[in-house]
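Each chain is listed here by its residues.
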Amino acid sequence: MGQLEGKSAVILGAASTGNMGQVIARLFASEGAKVMVAGRKEEPLAAIADDIGGAYALCDITDHAQVHALADKAKAEFGRVDAAINCTGWGLLSNLLETSQADLDAITDLQFKGVHHFLQAFVKVMSEQAPTGGSIISLSSATTKALINNHAAYIGTKRAGEAMIECVANDFGHLGIRANSVSPAFTQSPMTEGAFQTPGLVDAFLPRYPLGRLNTSEDVANACLWLSGDHAFVTGQNIQPNGGVIMRGNPQAKDIEAAVGAAMAAAAQEG
């Protein structure tokens, strides 16, 4: 029997082929959960829903009404929602002095207001399931603990999401609702494919991981699986399935520039 047999889950941010949300969805389905994937692009959502025998819904997390409609649809489809996972995010890389008002508004809508919409909608649904509640997870980032340059707006809004998770855990635990954040680090995925092709970039990050490798989407999915099961007596926490990078810290811009420069120089000599 799978770890999530008889449970249902909603995964928002699963509308890109092979992204972290889809990896989580596939794992949850393989462990017996009924899964609804959601996001802004219908074609990839329909494809993975068909593949895993689940359901899908269109939803933009920045739209309050759409997020609440997603929660209501999942409740109507499955009868209850045992796990709700927010995988949305935007890795805005921008110097503080150069960040535009448009970018600031966009990342605030996505990673602050959007997270608030998500928590509000699924706390409402799970409150009706008391005392068994459910598990709410929002993906954050190792950068909130291991700072990296030119990420102020990103880190600031991700930290705000962590704070809101703690408030949900504190305010609604008596209803059986568990709320936690999960923090990946530099992870190979469709979102970071271009970065991984940059010579020397991985070399700058790898020594910062005590466990000797970068984390994967599967590492993150397994953390979410544990938090969504019956054995995680955990709430209000920021789980770090990232190989210990927060102990050593991320490389800074000068470290990355040096590693990339060295790799490019070596490639030029070989050429």
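A brief look at the structure comes next.

Conventions we followed
- Numbers given to residues run from 1 along each chain, matching the order in which its sequence is written.
- Totals for whole chains, interfaces and linings use all residues, but because this is a predicted model, local features are given only for residues with pLDDT of at least 70 and pairs of side-chain atoms are given and counted only at 80 or more.
- Working from all heavy atoms in the structure, the side-chain values ignore hydrogens and water.
- By the convention used here, strands pair only if DSSP detects at least 2 bridges between them.
- What counts as a helix is a DSSP run of H or I of at least four residues, what counts as a strand is a run of E of at least two, and both are numbered from the N terminus.
- Between two residues, a contact is recorded if the distance between any of their heavy atoms is within 4.5 Å.
- A fitted line through C-alpha atoms serves as each axis, taken over the contacting stretch for helices, and the angle formed by two N-to-C directions is quoted from 0 to 180°.
- Only protein chains enter the accessibility calculation, which uses a 1.4 Å probe; a residue is then buried when its area is under 20% of its type maximum, exposed when over 50%, and partly exposed in between.
- A crossover counts as right-handed when, viewed with the strands pointing away from the observer, the path leading from the first strand over the helix to the second turns clockwise.
- Cavity means a closed set of points on a 1 Å grid over the protein atoms alone, one where a 1.4 Å probe fits but cannot get out, pocket means an open set with protein on both sides within 12 Å along at least 5 of 7 lines, and lining means a residue has an atom within 4 Å of a point.
- Grid points are joined across faces, edges and corners, and a volume is the space filled by probe spheres set on the points.
- Charged means Asp, Glu, Lys or Arg here, nonpolar means Ala, Val, Leu, Ile, Met, Phe, Trp, Tyr, Cys or Pro, and polar covers whatever is left, Gly included.
- What makes a salt bridge here is a side-chain nitrogen of Lys or Arg within 4 Å of a carboxyl oxygen of Asp or Glu, nothing more.
- Here the arc refers to the directions that run from the helix axis out to each C-beta atom.
- Each residue after the first adds 1.5 Å to the expected span of a helix.
- Between 65 and 115 degrees an angle is taken as roughly perpendicular, under 35 as roughly parallel, over 145 as roughly antiparallel, and anywhere else as oblique.
- For any pair of crossing helices, the crossing counts as left-handed if the nearer helix is rotated counterclockwise from the farther one by less than a right angle, and right-handed if it is rotated clockwise.

**Side note on the sheet that holds strand E4 (residues 83-86)**
In a beta sheet, neighbouring strands are held together by backbone hydrogen bonds and run either parallel or antiparallel to one another.
Reasoning step 1: Pairing is parallel in the open sheet, where 7 strands are placed in the order E3-E2-E1-E4-E5-E6-E7. Single-partner strands in this sheet number two, and they are strand E3 (55-58) and strand E7 (238-239).
Reasoning step 2: Across 5 bridges, the pairing between strand E1 (residues 8-12) and strand E2 (residues 34-39) is parallel. Directly across from Val-10, in E2, lies its bridge partner Met-36.
Reasoning step 3: Seen against the sheet, helix H3 (residues 64-78) touches E1, E2 and E3 and runs at an angle of roughly 160 degrees to E2.
Reasoning step 4: Each of strand E5 (134-139), strand E6 (177-182) and E7 touches helix H5 (residues 152-172); the most contacted strand, E6, lies at about 160 degrees to it.

**Description of the pairing of E3**
Reasoning step 1: Residues Ala-55 and Ala-57 point to one face of E3 and are all buried, whereas Tyr-56 and Leu-58, pointing to the other face, are not buried.
Reasoning step 2: Across 4 bridges, the pairing between E2 and E3 is parallel. Bridge assignment links Gly-39 to a residue of E3, and that residue is Leu-58.
Reasoning step 3: Where the polypeptide runs from E2 across helix H2 (residues 42-52) and back to E3, its parallel neighbour, the crossover connection is right-handed.

**Quick word on the layout of surface pockets**
Reasoning step 1: As a volume, the second largest pocket reaches approximately 280 Å³.
Reasoning step 2: Along the walls of the second largest pocket sit 19 residues, with Thr-132, Gly-176, Arg-178, Gly-229 and Ala-232 positioned nearest its centre.
Reasoning step 3: Only E5 and E6 provide two or more residues apiece to the lining of the second largest pocket.
Reasoning step 4: For the lining of the second largest pocket, the residue count by class is 4 nonpolar, 10 polar and 5 charged.

**Examining empty space enclosed by the protein**
Empty space among the atoms becomes apparent when a probe as large as a water molecule is rolled across them.
Reasoning step 1: The full count for this structure, using the stated rule, is 1 cavity of 30 Å³ or more.
Reasoning step 2: When its volume is computed, the largest cavity comes out at roughly 40 Å³.
Reasoning step 3: If you go around the largest cavity, the residues you meet are Gln-111, Val-115, Ser-138, Leu-139, Ser-140, Lys-158, Gly-161, Glu-162 and Ser-181.
Reasoning step 4: Mapped by element, the contributors of at least two residues to the lining of the largest cavity are helix H4 (101-127), E5 and H5.
Reasoning step 5: At 3 residues, H5 tops the list of elements feeding residues into the lining of the largest cavity.
Reasoning step 6: Class assignment of the residues belonging to the lining of the largest cavity gives a composition of 2 nonpolar, 5 polar and 2 charged.

**Examining the pattern of salt bridges**
Reasoning step 1: Scanning the entire structure with this criterion turns up 10 salt bridges.
Reasoning step 2: Residues Glu-162 and Lys-145 are paired through a salt bridge, measuring 3.3 Å at the closest nitrogen-oxygen approach. Placement of Glu-162 in helix H5 and of Lys-145 in the loop between E5 and H5 is noted, with a sequence separation of 17 residues between them.
Reasoning step 3: Taking the relative accessible area as the measure of exposure, Glu-162 reaches 8% and is therefore buried.
Reasoning step 4: Via salt bridges that share partners, Lys-75, Lys-124 and Glu-128 belong to a single interconnected network.

**Quick look at H2**
Reasoning step 1: Here H2 has its buried residues at Pro-44, Leu-45, Ile-48, Ala-49 and Ile-52. Viewed along the axis of H2, the buried residues span an arc of 130 degrees, placing them on a single side of the element. What points out from H2, more than 90 degrees from its buried face, is the exposed set Glu-43, Asp-50 and Asp-51.
Reasoning step 2: Elements in contact with the buried residues of H2: helix H1 (20-30), E2 and E3.
Reasoning step 3: Phi for Gly-53, located one or two positions after H2, is positive at around 70 degrees.

**Focus: helix H10 (residues 253-270)**
Reasoning step 1: With 18 residues, H10 should reach 26 Å at 1.5 Å per residue; the first-to-last C-alpha distance of 26 Å fits that figure.
Reasoning step 2: Among the residues of H10, Ile-256, Ala-259, Val-260 and Ala-263 are the ones counted as buried. The buried side chains of H10 occupy one side of the element, clustering within an arc of 90 degrees when seen end-on. The exposed set on the far side of H10, more than 90 degrees from its buried face, consists of Lys-254, Glu-257, Ala-268 and Gln-269.
Reasoning step 3: Those residues of H10 that are buried lie in contact with helix H7 (201-205).

**What to know about the packing of H1 against H2**
Reasoning step 1: Put simply, H1 and H2 touch, their axes get as near as 10 Å, and they point 20 degrees apart. Relative to H2, H1 is oriented roughly parallel. In the packing of H1 onto H2, the handedness of the crossing is right-handed. Touching Gln-22, Ala-25, Arg-26 and Ala-29 of H1 are Pro-44, Ile-48, Asp-51 and Ile-52, all from H2.
Reasoning step 2: For the contact of H1 with H2, the residue count by class is 5 nonpolar, 1 polar and 2 charged.

As far as function goes, none of this settles anything; it's purely spatial.
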